[in-house]
Amino acid sequence: MASGATKRVVSSAIDWTRFAAVCPKWQVEMLRATKAKHDTFVNKVHQLPENLPKIDFASYKSRLPDPTMADRFQKAYEALSIPYPVDKANLLQKVEAQNSEKEQEVKRFKTEIQAEIEESKSFLKKIDTLPKFEEMTEEMFCYYFPETWQDPAKPKFWPYVETEQPGAPGFKYAK
Amino acid sequence: MLSAFRTGALRSIVQGHGTFKVLSVVPARNASAPSKQDRIDTWDYVNSVYFGPERDMKNFPHPTQPAQHEPVRMGVLPASWFEFFYPKTGVTGPYVFLGGMTLWMMSKEIMVVDHYFWEFPAFWAMVYWVSTSPKMGPKLKQYISDKIEMRKNILYERPLAKMRDAEEKNISNLQRLLEECETASFVNQAKKEGVELQLEAAYRQRLNTAFQEVKKRLDYEVEITNVKRKFEQDHMVNWIVSSVTKSITPQQEKESIQSCIQTLKQLASKQTAAA
């Protein structure tokens, strides 16, 4: 009965358990709202008949004063062709455009994350290339960990932490 | 140090290049918190210097600090010295050499017996006593090795473990984030399906309306005939009943009441006889 061009969607194909599993914690409320909205659409569809319901014209034939009237009605009812509603505002196309845009964005984000993961992995591997502590001289240690070296040109004061040095923000003893 | 290193001063010294070659290439950084990339760069470079292909590992092996000293005798003297004497002089050789050497040094006044002479044997006697004492030796050894272990922990093990943990946590967080990216596809699907489902609902609403309207008309026709028939029937019944009641005369009514009373009386007499 529906035109062949449009595919009829009668139920949701969304895997909601997977959706909930991958949903970030701070977006669970949004997920719940989306699910509720979606469920109203599905319920509305399910409340209504899928095809044109049958009418028992035979029983009407005996009850009607004019039996030909039932026949006429039957012929007309069976010939009835109901058009599938047209998406006048072109919403579907808009949604598709929005989706493809979003997909691009997600793709870009994913590559960024992948790069960051790769960096972290390479850093982990690099940590393993360091020689053992017993095999390092003091000089080597200073080369490997330059920030631990005390620069005589910039002496530090007790207790030798960054926040307690003159010039550090919030340092209370001298300017 | 880092800034000096990056600016090339140290690099040029290590590599023997001309001075300050890369001075302007890499800007000096905040020495307190090097970034991950900085660390990787630094370590790559230092590794290439200490363990690179140009390093002559065969003739100048990398120095390592052994965890334990080599075996000793008499508390402080390396056992290898004694081993050196055994094939040439037998087991008494090293002691004879030690005594002979001392005597020779004293006779030549290289070692002078003055007021400070006894400091030397006294010091080494103390070292011997402490290191071989079953009470003090192991304790001292434990104390010193604990100190070394602690220093290693603070300077090396703990910061590296912290870096490793941070990276692993970072990786697991990012992988979760990758997984969470799937939500976008679900949301897209939900949006699309929302539109399609609403279209479907509208279509079904139309079907339902058509069905209801046709059915309503048919039911209306049926109902009209039903009502007509019922009205005719009711009218007929009313007409017959009213004409019958009209045909009953007062005489007939009286007779019927009399007959009823008679019957009641008969019933009562039967009841008393039975009692």
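Predicted model only: the values in this text are computed from it and were never measured.

Conventions adopted
- Within every chain, residues take consecutive numbers counted from 1 along the sequence as written.
- All chains are assigned letters beginning at A, and all ligands numbers beginning at 1, according to the order in which they are written.
- Confidence filtering applies because this is a predicted model: local features only for residues at pLDDT of at least 70, side-chain atom pairs given and counted only at 80 or more, and all residues used for totals across whole chains, interfaces and linings.
- Side-chain metrics rest on all non-hydrogen atoms present in the structure, leaving aside hydrogens and water.
- Labels follow the DSSP assignment, with helices taken as runs of H or I lasting at least four residues and strands as runs of E lasting at least two, numbered in each case from the N terminus.
- As a reference, a globule follows 2.2 Å times the number of residues to the power 0.38, and the radius of gyration itself is taken over C-alpha atoms.
- UniProt positions are given in the numbering used here, feature names are shortened, and annotations may be inferred rather than shown by experiment.
- Here, residues are in contact when the closest pair of their heavy atoms is within 4.5 Å.
- Criterion for a salt bridge: a side-chain nitrogen of Lys or Arg within 4 Å of a carboxyl oxygen of Asp or Glu.
- Within 3.5 Å is the distance limit for a polar contact, defined as a pair of N or O atoms, with the added protein rule that one can donate a hydrogen and the other accept it, and that residues adjacent in sequence qualify only through two side-chain atoms.
- Residues are grouped as follows: nonpolar covers Ala, Val, Leu, Ile, Met, Phe, Trp, Tyr, Cys and Pro; charged covers Asp, Glu, Lys and Arg; every other residue, Gly included, is treated as polar.
- What marks off one domain from the next here is an automatic or database domain assignment.
- pLDDT measures how confident the predictor is about each residue, on a scale from 0 to 100.
- Accessibility here uses a 1.4 Å probe with only protein chains present; expressed as a share of the type maximum, an area under 20% marks a residue as buried, one over 50% as exposed, and anything in between as partly exposed.
- Here the nonpolar core consists of buried residues drawn from Ala, Val, Leu, Ile, Met, Phe, Trp, Tyr and Cys, with membership extended through side-chain atoms lying within 4.5 Å.
- Multiplying 1.5 Å by the helix residue count minus one yields the expected span of that helix.
- Working note: the arc is built from the helix axis to C-beta atom directions.

Student: Explain the overall build of chain A here, please?
Tutor: Of regular secondary structure, chain A possesses six helices and zero strands. Its helices and strands taken in sequence order, chain A reads α-α-α-α-α-α from the N to the C terminus. Taken against the 2.2 N^0.38 rule, which gives 16 Å for 175 residues, the C-alpha radius of gyration of chain A at 37 Å runs more than 25% over that of a compact globule. Each principal axis of the C-alpha distribution contributes one length, and for chain A these read about 115 × 40 × 30 Å.

Student: Explain the UniProt feature "coiled-coil region" (unreviewed entry) in chain A to me, please; I cannot follow it from the model alone.
Tutor: What UniProt calls "coiled-coil region" (unreviewed entry) maps, in this numbering, to residues 88-119 of chain A. Helix makes up 91% of residues 88-119 of chain A and strand 0%, with an end-to-end C-alpha separation of 49 Å.

Student: Is there a simple way to think about the interface of chain B and chain A in this case?
Tutor: Reports of interface size often rely on the accessible area that becomes lost once the parts have come together. Listed as interface residues are 78 residues of chain B and, on the opposing side, 91 residues of chain A. Taken together, chain B and chain A are joined by seven salt bridges. The salt bridge partner of D44 of chain B is K126 of chain A, with a shortest N-O separation of 2.7 Å. Across the chain B-chain A interface, the total number found is 27 residue pairs in polar contact (both at pLDDT 80 or more). By residue class, the composition of the side of chain B that touches chain A is 38 nonpolar, 17 polar and 23 charged.

Student: Quick question: what am I supposed to make of the domain arrangement of chain B here?
Tutor: The domain boundaries assigned to chain B delineate domain 1 (2-51), domain 2 (70-132), domain 3 (134-180) and domain 4 (190-235). A C-alpha centroid distance of 43 Å is found between domain 2 of chain B and domain 3 of chain B.

Student: It is not clear to me how the confidence of the model for chain B should be interpreted in this structure. Could you clarify?
Tutor: For any part of a model where pLDDT is low, the fine detail of the predicted coordinates should not be relied upon. Per-residue pLDDT for chain B has a mean of 85; in total, 88% of the residues score no lower than 70. Within chain B, no element has a lower average pLDDT than helix α2 (residues 9-15) of chain B, which sits at 44, and none a higher one than helix α5 (residues 93-107) of chain B, at 94.

Student: What's the story with the pattern of salt bridges in this structure? I'm lost.
Tutor: Side-chain pairing between opposite charges can occur once the charged atoms of the two side chains come close. This structure, assessed with the given rule, holds 18 salt bridges over all chains. Between E96 of chain A and K192 of chain B there is a salt bridge, and its shortest N-O distance comes to 3.6 Å. Of the two residues, E96 of chain A sits in helix α5 (residues 91-128) while K192 of chain B sits in helix α8 (residues 182-247), which places them in two different chains. By relative accessible area, which is 37% here, E96 of chain A ends up partly exposed.

Student: Just checking my understanding: could you explain the nonpolar core for this structure?
Tutor: Soluble globular proteins tend to pack their nonpolar side chains together in the buried interior. Among the nonpolar cores identified, the biggest contains 19 residues, and I55, L64 and Y77 of chain A together with L218 of chain B are the most heavily contacted of them. The leading source of residues in this core is α8 of chain B, at eight residues. Look past the residues within four positions of L64 of chain A in its chain and what remains in contact with it is M69 and A70 of chain A together with L218, E221 and V222 of chain B. Within the second largest apolar cluster, 17 residues are counted, among which are F141 and F145 of chain A together with I40 and L160 of chain B.

Student: Looking at this structure, I do not really get helix α4 (residues 67-78) of chain A. What am I missing?
Tutor: Along an α-helix, residues three or four positions apart point the same way, because every turn accommodates 3.6 residues. With 12 residues, α4 of chain A should cover 16 Å at 1.5 Å per step; its first-to-last C-alpha distance of 17 Å lies within 8% of that length. Listed in full, the buried residues belonging to α4 of chain A are M69, A70, F73 and Y77 of chain A. The arc that holds every buried residue of α4 of chain A, seen down its axis, measures 100°, which confines them to one face. Exposed residues on α4 of chain A whose side chains face more than 90 degrees from its buried face are R72, K75 and E78 of chain A. Looking at the packing, one finds that the buried side of α4 of chain A touches α3 (57-63) of chain A together with α8 of chain B.

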